[in-house]
Amino acid sequence: MRALVAVPGWEAVCFAAPVVRTFPTARLGTMASPVAHLGPDLCVPGADVDACLDRMEQLGLDDISLAEVLLDQRVANGVGNVYKSEVCWARGVDPATPLRAVSREQRRELIETSARLLQANLGSGPRATVAGGLAVYGRRNRPCRRCGSPIRSTRQGDQARVTYWCPTCQPPPARPPVL
Ligand SMILES: [Zn+2]
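The following paragraphs examine the structure supplied in this document. (Residues numbered from 1 in each chain as written. Predicted model: local features only at pLDDT ≥ 70, side-chain atom pairs only at ≥ 80, totals over all residues. Heavy atoms only, no water.)

Here we look at the packing of aromatic side chains
Okay, step 1: This structure, assessed with the given rule, holds one aromatic pair.
Okay, step 2: Over the face of the ring belonging to Trp-89 we find Arg-146, whose NZ or CZ atom lies 3.8 Å from the ring centre. (Phe/Tyr/Trp six-rings, centres within 6.5 Å; stacked < 30°, edge-to-face > 60°. Lys NZ or Arg CZ within 6 Å of the ring centre and 35° of its normal.)

Quick notes on a nonpolar patch on the surface
Okay, step 1: Where nonpolar side chains cluster on the molecular surface, the patch consists of Met-1, Leu-4, Val-13 and Phe-15 and spans about 440 Å² of accessible area.
Okay, step 2: Overall, Leu-4 belongs to the partly exposed group, its relative accessible area being 42%. (Patch = residues over 30% accessible without salt bridge, like charges linked within 9 Å, V, L, I, M, F, W, Y side chains within 5 Å. Areas by Shrake-Rupley, 256 points an atom, 1.4 Å probe, with all protein chains shown as cover. Salt bridge = Lys/Arg side-chain N within 4 Å of Asp/Glu carboxyl O. Buried < 20%, exposed > 50% of the residue type's maximum accessible area, 1.4 Å probe, protein only.)

A short note on the layout of surface pockets
Okay, step 1: There is about 280 Å³ of room inside the largest pocket.
Okay, step 2: Every residue lining the largest pocket is counted, 16 residues in all, and those nearest its centre are Glu-68, Leu-71, Gly-157, Asp-158 and Gln-159.
Okay, step 3: Per-element accounting of the lining of the largest pocket gives the leading share, three residues, to helix 2 (residues 66-71).
Okay, step 4: Considering only residue class, the lining of the largest pocket consists of six nonpolar, five polar and five charged. (1 Å grid on protein atoms, 1.4 Å probe; cavity = no way out; pocket = protein on both sides within 12 Å on 5 of 7 lines; lining within 4 Å. Points joined across faces, edges and corners; volume = space filled by probe spheres on them. Helix = DSSP H or I, 4+ residues; strand = E, 2+ residues; numbered from the N terminus. Nonpolar A, V, L, I, M, F, W, Y, C, P; charged D, E, K, R; others polar.)

Considering the environment of Leu-59
Okay, step 1: One can find Leu-59 in the loop between helix 1 (49-58) and helix 2.
Okay, step 2: Among the residues examined, Leu-59 registers a relative accessible area of 30% and is labelled partly exposed.
Okay, step 3: Those residues within four positions of Leu-59 in sequence are excluded, and the remaining contacts are Arg-74 and Val-75. (Contact = heavy atoms within 4.5 Å.)

With respect to the packing of helix 3 (residues 81-91) against helix 4 (residues 104-120)
Okay, step 1: It is the contact of helix 3 with helix 4, at a shortest axis distance of 9 Å, that shows an interaxial angle of 120°. Judged by the inter-axis angle, helix 3 sits oblique to helix 4. The crossing of helix 3 and helix 4 is right-handed. For the pair helix 3 and helix 4, contact is made by Tyr-83, Glu-86, Val-87, Ala-90 and Arg-91 and by Glu-109, Leu-110, Thr-113, Ser-114, Leu-117 and Leu-118, respectively. (Axes fitted to C-alpha atoms, helices over the stretch in contact; angles between N-to-C directions. Parallel < 35°, antiparallel > 145°, perpendicular 65-115°, else oblique. Left-handed = near helix turned anticlockwise from the far one by under 90°.)

Below, the structure written as structure tokens:
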């Protein structure tokens, strides 16, 4: 065991952390806090969605894929690799779409869907985003639960994290005409 976080009624144990850093709690809430850069916590009901959208713009992520933007904890806190794929499928958007091709309203729907799926899975038990489990994550070559097309997967981003999507339900954005 590398780290143990204990509060009344719960203990969280971590075995595989390569590095464990600790900070005095007196610094939480200050700019010196190790979590000061994080976006709103989507696991908390009523998270500030507008703040997430503002952060997407302020961080200059226009050329970054949606899959990577959703994982960026500076934008919003909580979405991990599983939910990244599930949220894009739920909204019918290609996870490789650059942020610049996504309207503010679509961005809002993606964040609100992320919050809804995260909050629905806070308890113990297997994660489920659709009846029967997950929609696309871990389902490479299996039929899409909406249209039956084989689910595809690829690796995206600097950390080459795997992304799953349905090529039929989540088509790439239309390319602007070449003049
Ligand atoms: Zn589909």
